[in-house]
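Summary of structural features
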Amino acid sequence: MTIGVSHDLETGDVVLVDAAAKTIDDFSPSKARKLASKLRAAAASGTSVLVIATANNGRQIKLGGTAEHAIGMADDLERNAELAMAIRRQKSAT
């Protein structure tokens, strides 16, 4: 599974890009933070991780891998949630 994390400059959403499925799914910054929390909690077991995430459009995505990979993805989600919130604040100020 190859999933990248980024943010959408237009909407202020966090996006997960699944290269294998050729899909892009949007998450509000708050949903992205909750997902990061779930990944960290699952990674606390120190074993393999599998988390089901629900995108803004209701589509479900499976995220998983090693505990180390899950923590890295959680960090990426948090960073992009911060960037997405900054985009939303800027858009609402203009």
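Here's a quick rundown of the structure. (Residues numbered from 1 in each chain as written. Predicted model: local features only at pLDDT ≥ 70, side-chain atom pairs only at ≥ 80, totals over all residues. Heavy atoms only, no water.)

Assigned secondary structure in the protein chain consists of 2 helices and 5 strands. Along the protein chain, from the amino end to the carboxyl end, the secondary structure elements read β-β-β-α-β-β-α. Taking 12 Å as the expected radius of gyration for a compact globule of 94 residues, we find that the protein chain reaches 13 Å, a close match to that expectation. On the principal axes, the C-alpha backbone points of the protein chain span a range of 45 × 25 × 20 Å. Among the 94 residues that make up the protein chain, the fraction classed as buried is 34%. Counting only contacts in the protein chain whose residues sit at least 6 apart along the sequence, the fraction spanning at least 24 positions is 48%. (Helix = DSSP H or I, 4+ residues; strand = E, 2+ residues; numbered from the N terminus. Rg over C-alpha atoms; globule rule 2.2 N^0.38 Å. Buried < 20%, exposed > 50% of the residue type's maximum accessible area, 1.4 Å probe, protein only. Contact = heavy atoms within 4.5 Å.)

In this section: the sheet that holds strand β1 (residues 3–7). The sheet built from 3 strands is open, its strands ordered β1-β2-β3 with antiparallel pairing. Each having just a single partner strand, β1 and β3 (23–27) make up the two edges of the open sheet. Neighbour to neighbour, the strand axes of the sheet diverge by 25° on average, direction disregarded. As defined by bridge partners, β1 adjoins strand β2 (residues 14–18) across 5 bridges and the pair is classed as antiparallel. Looking at β2, one finds that Gly4 is bridged to Val17. Strands in contact with helix α2 (residues 67–93) are β1 and β2; relative to β1, the strand with the most contacts, it is inclined by about 20°. (Pairing = 2+ DSSP bridges. Axes fitted to C-alpha atoms, helices over the stretch in contact; angles between N-to-C directions.)

Before going further, it helps to spend a moment on α2. The end-to-end C-alpha distance of α2 is 39 Å, a good match for the 39 Å that 27 residues give at a rise of 1.5 Å each. Among the residues of α2, those classed as buried are Ala67, Ala70, Met73, Ala74, Leu77, Asn80, Ala81, Ala84 and Ile87. In this structure, the buried side of α2 is in contact with β1, β2, α1 (29–43), β4 (49–54) and β5 (60–65). (Expected span 1.5 Å × (residues − 1).)

Let us look at α1. The end-to-end C-alpha separation of α1 is 21 Å, in line with the 21 Å expected for 15 residues at 1.5 Å each. At its buried positions, α1 is contacted by β2, β3, β4, β5 and α2.

Attention now moves to the side chain of Asp13. Topologically, Asp13 is positioned in the loop between β1 and β2. Not counting chain neighbours up to four residues away, the residues in contact with Asp13 comprise Ser6, His7, Asp8, Asp26, Phe27, Ser28, Pro29, Asn56, Ala84 and Arg88.

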